[in-house]
Amino acid sequence: MPMFNSEAYISEAINSVINQTHINWELWLIDDASTDKTLEIVQSFLNVHTNIYLIKNDTNLGAAITRNKGIEAAKGDYIAFLDGDDVWKPEKLEKQLAFMEANYCDVCFSSYNLINEKGELLNKTIKALPTLTYKKLLKSNYVGNLTGIYNAKTLGKITSYNLRKRQDWLLWLTAIKKSGKPAKSIQESLAYYRVREASMSSNKFNLIKYNYWVYRKGLGFSTIKSMYYMFLFLFEHFFIKSKQTVITNKI
């Protein structure tokens, strides 16, 4: 769980891990040089739970390096991710791990609900594709990072390329490619993603810029090939993904 100035949400995020029905877990908190009360809040959890650990960055290093520190420190057979402002549902780990073992699955993800900054449901669910190939994932990121789990026992530890944004997409591309078989999903929503006003995903210019860098820097594609995949991405994002994965829920 990477954290940066997360005082408003960090308790809820940590409690959603503590409240998992699957009890054999460890939680690595990596603070990216927060300047608010995040560390003060986190300390109260460290005083009680021996399976919660803290790593502190001296300076702000960004999500990729921060998340990688947690991956490198983790000792479990499976690695999952949760940002400091998002929330897991109680049976998230139990259901996904059982599914992965039953289906010999290296990479698993699920659907998830959208909530606002106050934690209120936005009546929208991002519906996971039943299976996800590397070729499909190249066109757009279909893995909600807060729902993703990969098997570190079979794939080894997979870290993020050092991009300020969209590095999670690269991680799942690497995991599926290394697995050699599609990722599989649980159609049920197992988490809540908090939509924040200043989030990168709301900025269309950044959407284009950082996705281009995924192809150009992260995957090492040529300029021409990167531009080609950007056209595929834009078509997929606006004409296919928007219709297939976002549904309205009356909850």
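Provided above is the structure to which this section pertains.
Now for a quick tour of the structure. Nothing here was measured: the structure is a model prediction, and the numbers come from that model.

### Some remarks on the pattern of salt bridges
In step 1: Considering all chains together, one arrives at 9 salt bridges under this definition.
In step 2: A salt bridge links Lys95 to Glu188; the shortest N-O distance between them is 2.9 Å. In this pair, Lys95 sits in helix α4 (residues 92-102) while Glu188 sits in strand β10 (residues 183-194), placing the two residues 93 residues apart along the sequence.
In step 3: Between Lys181 and Asp106 there is a salt bridge whose closest N-O contact spans 3.9 Å. Of this pair, Lys181 sits in the loop between α7 (167-179) and β10 while Asp106 sits in the loop between α4 and β6 (107-115), and the two are 75 residues apart along the sequence.
In step 4: The partly exposed category is assigned to Lys181, whose relative accessible area is 35%.
In step 5: Exposure remark for Asp106: the relative accessible area of 10% places this residue in the buried category.
In step 6: Each member of the salt-bridge network shares a partner with another, and the members are Glu91, Lys95 and Glu188.

### With respect to a nonpolar patch on the surface
In step 1: Taken together, the side chains of Phe235, Phe238 and Phe239 define a hydrophobic patch exposed on the protein surface, amounting to about 330 Å² of accessible area.
In step 2: Relative to the helices and strands, Phe235 resides in helix α9 (residues 223-244).
In step 3: Looking at Phe235, the relative accessible area reads 46%, which means it is partly exposed.

What counts and how
- Residues numbered from 1 in each chain as written.
- Predicted model: local features only at pLDDT ≥ 70, side-chain atom pairs only at ≥ 80, totals over all residues.
- Heavy atoms only, no water.
- Salt bridge = Lys/Arg side-chain N within 4 Å of Asp/Glu carboxyl O.
- Helix = DSSP H or I, 4+ residues; strand = E, 2+ residues; numbered from the N terminus.
- Buried < 20%, exposed > 50% of the residue type's maximum accessible area, 1.4 Å probe, protein only.
- Patch = residues over 30% accessible without salt bridge, like charges linked within 9 Å, V, L, I, M, F, W, Y side chains within 5 Å.
- Areas by Shrake-Rupley, 256 points an atom, 1.4 Å probe, with all protein chains shown as cover.

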